[in-house]
Amino acid sequence: MNETQIPFNKPFVAGKELYYVAQAVTRGNLGGDGYYTKACCRLLEDKFGIPKVLLTPSCTASLEMAAILCELEEGDEVIMPSYTFVSTASAFVREGATPVFVDIRPDTLNIDENLIEAAVTDKTKAICVVHYAGVGCEMDRIVATAKKHDLILIEDAAQGVNAFYKGRALGTIGDLGCYSFHETKNIICGEGGALCINNPRFNDRAEIIRDKGTNRRQFFRGEVDKYTWVDVGSSFVPSEICSAFLYGQLKAMESITDRRGEVYREYRDLLQSPSLTGEATLPTIPEDCDCNFHMFYLIASSNGQRDALIQRCRDRGIDAVFHYIPLHCSPMGRQFSHKHSLPVTEDLSSRLVRLPLFHDISREEQALVAEEVLTFLDSSDGGSDD
Ligand SMILES: *Cc1c(COP(=O)(O)O)cnc(C)c1O
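Residues numbered from 1 in each chain as written. Predicted model: local features only at pLDDT ≥ 70, side-chain atom pairs only at ≥ 80, totals over all residues. Heavy atoms only, no water.

Per an unreviewed UniProt entry, the protein chain is named dTDP-4-amino-4,6-dideoxygalactose transaminase, and its organism is Alienimonas chondri. Checking UniProt for the protein chain, the heading Sequence similarities (unreviewed entry) contains the comment "Belongs to the DegT/DnrJ/EryC1 family." (UniProt positions renumbered as here; feature names shortened; annotations may be inferred.)

So, empty space enclosed by the protein: which residues are in play, and what are the values?
Applying the stated rule across the entire model yields four cavities of 30 Å³ or more. Within this model, the largest cavity holds a volume of roughly 80 Å³. As for the largest cavity, its lining consists of N9, K10, P11, F12, E183, K185, N186, I188, I256, R260, F358 and H359. Tallied by class, residues from the lining of the largest cavity come to five nonpolar, three polar and four charged. (1 Å grid on protein atoms, 1.4 Å probe; cavity = no way out; pocket = protein on both sides within 12 Å on 5 of 7 lines; lining within 4 Å. Points joined across faces, edges and corners; volume = space filled by probe spheres on them. Nonpolar A, V, L, I, M, F, W, Y, C, P; charged D, E, K, R; others polar.)

Pulling in residues and values, what's your account of the side chain of E207?
Its place among the elements puts E207 in helix 7 (residues 203–210). Among the polar contacts listed, one links the side chain of E207 to the side chain of K52, at a separation of 3.1 Å. When near neighbours in sequence (up to four residues on either side) are disregarded, E207 contacts K52, L54, R217 and R221. (Helix = DSSP H or I, 4+ residues; strand = E, 2+ residues; numbered from the N terminus. Polar contact = N/O pair within 3.5 Å; in protein donor to acceptor, adjacent residues only side chain to side chain. Contact = heavy atoms within 4.5 Å.)

Describe the environment of R259, naming the residues involved and giving the relevant values.
Looking at the element boundaries, R259 is found in helix 10 (residues 253–271). Sequence-wise, R259 and H359 are 100 residues apart; in three dimensions their C-alpha atoms are separated by 6.3 Å. There is a polar contact of 2.7 Å between the side chain of R259 and the backbone oxygen of I361.

Outline the packing of helix 3 (residues 59–69) against helix 4 (residues 86–93), supporting the account with residue identities and numerical values.
When two helices pack together, their arrangement is given by the angle between their axes and by how far apart the axes lie. Their axes nearest at 8 Å, the elements helix 3 and helix 4 cross at an angle of 35 degrees. Taken as a pair, helix 3 and helix 4 cross one another with a handedness that is right-handed. Along the contact surface, helix 3 presents T60, L63, E64 and A67, while helix 4 presents S87, T88, A91 and F92. Among the residues making up the contact of helix 3 with helix 4, the classes are represented as four nonpolar, three polar and one charged. (Axes fitted to C-alpha atoms, helices over the stretch in contact; angles between N-to-C directions. Left-handed = near helix turned anticlockwise from the far one by under 90°.)

How would you sum up the domain arrangement of the protein chain? Please name residues and give values.
Split into domains, the protein chain comes out as domain 1 (17–251) and domain 2 (253–378). Put simply, the middle of domain 1 and the middle of domain 2, counted by C-alpha atoms, are 26 Å apart. The interface is formed by 43 residues belonging to domain 1 together with 36 residues belonging to domain 2. Approximately 3300 Å² of surface area, both sides summed, lies buried where domain 1 meets domain 2, with 61% of it carried by carbon and sulfur atoms. The three residues of domain 1 that bury the most area against domain 2 are Y83, F101 and N186, which together make up 19% of that side's buried surface. Put simply, domain 1 and domain 2 have two salt bridges between them. Along the contact surface separating domain 1 from domain 2 lie 17 residue pairs in polar contact (both at pLDDT 80 or more). Going through the elements one at a time, helix 2 (35–48), helix 4, strand 3 (98–102), strand 6 (164–165) and helix 9 (240–251) are the ones with two or more residues in the side of domain 1 that touches domain 2. Here the side of domain 1 that touches domain 2 is built from residues that sort into 23 nonpolar, twelve polar and eight charged. (Domains from an automatic or database assignment. Buried area = accessible area lost by both parts, 1.4 Å probe. Salt bridge = Lys/Arg side-chain N within 4 Å of Asp/Glu carboxyl O.)

Structure, rendered in structure tokens:
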């Protein structure tokens, strides 16, 4: 038995979050769309050049809004990776769509842009890409495919806040982008999210869907003389308390990203060792991508070696963890996937291990993690078959 000494994640508080929460209380408006919700939207819009941002209670909620905006019919298809969080798919399945899973690239674990076109049918309505670990997908190619087939392009940028592809912020390249501020992400408010509306044709309906299917926003702006039920919708509005906390985080976004970069580079330097060669590989960041250092992972040489490494770390009080079970292999996802397998997804998901990465991790803790990993890999030669 071992108390965890080095957790996988520790939520970081930059400093002024509770001050802003207190300010929100003092202002006397704790519902949605008050001072801090607007301030967060403006900050995101200005910083990333997003035409319109709406804060939501989670990235899941943002994806659900995006799916409603796609106006899907039963049996319409949405192309996406299988190597992702469940919400990427469930948001569209709720609207009656069928997820069509496409394999990933072996270097970034992002959807393989070269396989998308072959998955397009006359039922395809949208593509939803996922920027894994805050590293951008090959968006030029994907945007071109979406344009050619007249598909709505959605970015699940849950992990991609303050990361860039060819200088453009992730979440701002497709028609719609979805951010997460869940406590396990880089910029947090407990539970929270945002919908980036990059294509203005979605502006009006997105506001209505977010506000329970009413035109209340238009009423507040004096565009209609009473507000009423006009469309489907739900409560996709976060409270001012969450927004105030988030404002404190957004103000500290650069220093949070810089610190994660330091931790990331420290791991890379510590682990670039002959012991690793042939036993495991480190993450890749393509030239065109500026990463936000959301994650640091290793790809072990086999599933057996990966599981043994996780166990070894756990025995030493280090919380290293695997990641997604591919959706096409899950009980729900199997209902949608056809005969074909996704070899890269199945292989890499079985070999990936994520190392503890959070703002306050110390150099000593990182050194300890690296030492355990390297010692294990040194001693596991030949034991790597599963
Ligand atoms: C975290 C995450 C989500 C869900 O975000 P919530 O804010 O928790 O709803 C969706 N997609 C991806 C890729 C994620 O990493």
